[in-house]
Amino acid sequence: MNSKGRLQLAVAGVGDFGARYVRALRGVSGVDVRWVMARDPGRTEAAAVALDVPRWSVEIAEVCADPEVDAVVVVTPEAAHRAITVAALEAGKHVIVEKPLATTDEDAVAMVEAARASGKLLMTALLLRFDTRYAQLKDRLPEIGRPRSIYAWRNFDRNLFALYSRTHSFVENAIHDIDLILWYVGGRVARANGFCRNTMGLANPDVNWGVLEFEDGTVATLQTTWLYPPQAHRNLQWNAGIQVMGDRGVLEVANDAGGFRANTEGDGILLLDQTGWSDIHGEPRGAFGAMLRHFVACLRGEAEYLGATPGEALEGMRVARMLVEDARARERRGYGAGG
Ligand SMILES: NC(=O)c1ccc[n+]([C@@H]2O[C@H](COP(=O)([O-])OP(=O)(O)OC[C@H]3O[C@@H](n4cnc5c(N)ncnc54)[C@H](O)[C@@H]3O)[C@@H](O)[C@H]2O)c1
């Protein structure tokens, strides 16, 4: 915190998403982004200039040595989350880390352990818990009784997969749905079956179906594919949603169903996202803005933490890894083989 009582944040990783964090945090009151940190010196300095951040570094140790830094925002590629998060926690900084928490169970456990040892907040940015619709679904669950059958889907356009094929989609993307499903059901997953196909020939499969069986009998399916045609995804609402069927009703969220539509000569028809990262009057709104304001309120001691706990993020990782391992074993046996 600086002498004026403003929280000082550092953002590690200034790709598309890191830049989004820097811009959004500018609209959160009482907060400054004091550092950006990334891997390449030239690009990191250029990002600092472009985003108007006063300090930049390629060393997390240099950032963490700054006593005014309160928290580090980790927005690097997934496999780099562990090193930066652990360094920040060990230096006594709070951390908000983009999902997925990590790419391996070992990394995830080390991060949660570092948070426990430091006593600092480790928030995994599972922002859908802060999306009004998904949160309302959670609040209304008692009306439908016990969840029996859940279907979650999350489909993206092909042109994004060149970047995100670096991590398995169960871990990278379906982790949002796994987190919601665990949050809604509240029980433990006993069995996970994954069915994946690699139609594009990239590092990981682009068609992914998972089936989860909970110890209490609830079943859930989740679908994450990259088969939507390329489109102007800048402001598009993803083809994503969830349906929860219980004994006394059905609750559903579907992203494509509503929102704000623009039809311009430049871009054609766009469904402009109002729920994820919309800005209103210079302030980040939607789930992203709500999540950031909550994180900041927790740092100030003004709110009880409501996001995914480190233990919950770890459990989501366990389920995602179960799906990946089952899908890989199925592939080794050959499609259509028993077991
Ligand atoms: N919540 C969502 O919907 C959502 C959407 C997109 C991305 N993300 C997450 O955001 C994170 C970043 O994604 P992105 O699309 O911005 O990635 P990116 O590849 O565009 O950017 C990564 C940034 O991290 C830097 N970097 C790479 N390795 C590093 C290292 N070892 N140490 C420090 N910096 C390093 C790069 O220089 C770059 O600035 C990922 O965890 C991703 O899953 C979340």
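Counting starts from 1 at the beginning of each chain's written sequence and moves along it residue by residue. Under the rules for a predicted model, residues below a pLDDT of 70 receive no local features and side-chain atom pairs below 80 are neither given nor counted, while totals for whole chains, interfaces and linings still include all residues. Where side-chain values are given, they derive from all heavy atoms of the structure, hydrogens and water being excluded.

**Quick notes on the overall build of the protein chain**
Move 1: Of regular secondary structure, the protein chain possesses 11 helices and 16 strands.
Move 2: Its C-alpha radius of gyration of 20 Å places the protein chain within 12% of the 20 Å reference for a compact globule of 339 residues.
Move 3: Seen through its C-alpha atoms, the protein chain measures out along the principal axes to roughly 60 × 55 × 45 Å.
Move 4: Whether two residues are in contact is decided by their heavy atoms: any pair within 4.5 Å suffices. Residue pairs at least 24 apart in sequence account for 68% of intrachain contacts in the protein chain once pairs closer than 6 positions are excluded.
Move 5: Accessible areas in this description were obtained via Shrake-Rupley with a 1.4 Å probe; residue shielding takes into account the shown protein chains only. For the protein chain, the computed accessible surface area is about 15,300 Å², with 51% contributed by carbon and sulfur atoms.
Move 6: Two residue types count as positive, namely Lys and Arg, and two as negative, namely Asp and Glu; His and chain ends fall outside the count. Charge coordinates come from a single atom per side chain, which is NZ of Lys, CZ of Arg, CG of Asp or CD of Glu. Here the protein chain holds 38 positive side-chain charges and 43 negative ones, and the gap between their average locations is 2 Å. Numbering of helices and strands runs from the N terminus, with a helix taken as a DSSP run of H or I at least four residues long and a strand as a DSSP run of E at least two residues long. Computation of the radius of gyration draws on C-alpha atoms, with the globule rule given as 2.2 Å multiplied by the number of residues to the power 0.38.

**Notes on the site of the ligand**
Move 1: We call a residue near a molecule or strand when any one of its heavy atoms sits within 4 Å of it. Around the ligand there are 23 residues in total, and Val14, Glu78, Tyr164, Arg166 and Glu172 lie nearest to it.
Move 2: Any N or O atom pair separated by 3.5 Å or less is treated as a polar contact, with the protein-specific requirement of one donor-capable and one acceptor-capable atom, and with residues adjacent in sequence counted only for side-chain atom pairs. Interatomic distance of 3.3 Å between a side-chain N/O atom of glutamate 98 and a nitrogen atom of the ligand.
Move 3: At 2.8 Å from an oxygen atom of the ligand is found a side-chain nitrogen or oxygen belonging to glutamate 172.
Move 4: Among the elements of the structure, helix H1 (16-26), helix H4 (81-90) and helix H7 (161-164) are those that each provide at least two residues to the shell around the ligand.
Move 5: All amino acids are sorted into three groups, where Ala, Val, Leu, Ile, Met, Phe, Trp, Tyr, Cys and Pro are nonpolar, Asp, Glu, Lys and Arg are charged, and the leftover types, Gly among them, are polar. By residue class, the composition of the shell around the ligand is 11 nonpolar, 5 polar and 7 charged.
Move 6: Where each domain starts and ends comes from a domain assignment, either automatic or drawn from a database. Two domains each provide a minimum of three residues to the shell around the ligand, namely domain 1 (7-125) and domain 2 (129-276).

**Considerations on the packing of helix H9 (residues 174-185) against helix H11 (residues 310-333)**
Move 1: In this description, a line fitted to the C-alpha atoms serves as the axis of each element, helices being fitted only across the stretch in contact, and the angle between N-to-C directions of two axes falls anywhere from 0 to 180 degrees. One way to put it is that H9 packs onto H11 with a least axis distance of 9 Å and a crossing angle of 120°. What the angle tells us is that H9 and H11 run oblique. The interaxial crossing formed by H9 with H11 has right-handed handedness. Only Glu315, Gly316, Met317, Val319, Ala320 and Leu323 of H11 make contact with H9, whose side of the interface consists of Ile175, Ile178 and Leu182. An angle below 35 degrees is read as roughly parallel, one above 145 as roughly antiparallel, one from 65 to 115 as roughly perpendicular, and any other as oblique. In this scheme the crossing of two helices becomes right-handed for a clockwise turn of the near helix relative to the far one and left-handed for an anticlockwise turn of less than a right angle.

**A look at the pattern of salt bridges**
Move 1: Put simply, a salt bridge is a Lys or Arg side-chain nitrogen that is within 4 Å of an Asp or Glu carboxyl oxygen. Applying the stated criterion across every chain yields a total of 21 salt bridges.
Move 2: In this structure, the salt-bridge partner of arginine 191 is glutamate 213, at a minimum N-O distance of 2.7 Å. You can see arginine 191 sitting in strand E8 (residues 189-197) and its partner glutamate 213 sitting in strand E9 (residues 207-214), a full 22 residues away along the chain.
Move 3: For glutamate 283, the salt bridge is made with arginine 285, and the minimal N-O distance between the two is 3.3 Å.
Move 4: The buried label goes to any residue with under 20% of its type's maximum accessible area, the exposed label to any with over 50%, and the partly exposed label to all in between, with areas taken from a 1.4 Å probe on protein chains only. On the basis of relative accessibility, which here comes to 31%, the residue glutamate 283 falls in the partly exposed class.
Move 5: Of the residues examined, arginine 285 reaches a relative accessible area of 33% and is grouped as partly exposed.

**Structural notes on the sheet that holds strand E5 (residues 94-98)**
Move 1: A pair of strands is labelled paired if DSSP reports no fewer than 2 bridges between them. Within the open sheet, the 6 strands sit side by side as E3-E2-E1-E4-E5-E6. Their pairing is parallel. Each end of this open sheet is capped by a strand with a single partner; those strands are strand E3 (55-57) and strand E6 (122-125). Within the sheet, the average angular offset between the axes of one strand and its neighbour, ignoring direction, is 25°.
Move 2: Where strand E2 (residues 31-37) meets E3, 3 bridges bridge the pair, whose relative direction is parallel. Opposite methionine 37, over in E3, you have serine 57 as the bridge partner.
Move 3: H4 rests against strand E1 (7-12), E2, strand E4 (71-74), E5 and E6 of the sheet, and its axis sits at about 165° to E5.

**So, the packing of aromatic side chains**
Move 1: For this analysis, a ring pair means two rings from Phe, Tyr or Trp (six-membered ring only for Trp) whose centres lie within 6.5 Å, classed as stacked if their planes differ by under 30 degrees, edge-to-face if by over 60, and tilted for the remaining angles. Taken as a whole and assessed by the stated rule, the structure comprises 9 aromatic pairs.
Move 2: Between phenylalanine 156 and tryptophan 226 the ring centres are 4.5 Å apart and the planes differ by 25°, which places this aromatic pair in the stacked class. Of this pair, phenylalanine 156 sits in strand E7 (residues 147-157) while tryptophan 226 is found in strand E10 (residues 219-228), placing the two residues 70 residues apart along the sequence.
Move 3: Residue tryptophan 226 is classed as buried on the basis of its relative accessible area of 1%.
Move 4: Distance and angle both matter: a charge sits over a ring if NZ of Lys or CZ of Arg is within 6 Å of the ring centre and within 35 degrees of the ring normal. Residue placement shows arginine 330 over the ring face of phenylalanine 195; its charged tip is 4.0 Å from the ring centre.

**Describing the side chain of asparagine 204**
Move 1: Inspection of the secondary structure puts asparagine 204 in the loop between E8 and E9.
Move 2: Assessed through its relative accessible area of 8%, asparagine 204 is described here as buried.
Move 3: A polar contact is formed between the side chain of asparagine 204 and the backbone oxygen of serine 165, at a distance of 2.8 Å.
Move 4: Look past the residues within four positions of asparagine 204 in its chain and what remains in contact with it is Phe161, Ser165, Arg166, Thr167, His168, Asn198 and Arg328.

**Quick look at the domain arrangement of the protein chain**
Move 1: Segmentation of the protein chain into domains returns domain 1 (7-125) and domain 2 (129-276).
Move 2: Averaged C-alpha coordinates put domain 1 and domain 2 at centres separated by 26 Å.
Move 3: Listed per partner, the contact involves 7 residues of domain 1 and 8 residues of domain 2.
Move 4: Throughout, the accessible surface (probe 1.4 Å) given up by two parts as they are put together, summed over both, is called the buried area. For the domain 1 and domain 2 pair, buried surface summed over both sides reaches about 640 Å², with 55% attributable to carbon and sulfur atoms.
Move 5: When the area that domain 1 buries against domain 2 is broken down by residue, the three leading residues are Glu78, Lys99 and Pro100, summing to 61%.
Move 6: The interface formed by domain 1 and domain 2 includes 2 salt bridges.
Move 7: The closest approach of N and O atoms between arginine 166 and glutamate 78, which form a salt bridge, is 2.8 Å.
Move 8: Our count for the domain 1 to domain 2 interface comes out at 3 residue pairs in polar contact (both at pLDDT 80 or more).
Move 9: Among the residues making up the side of domain 1 that touches domain 2, the classes are represented as 4 nonpolar, 1 polar and 2 charged.

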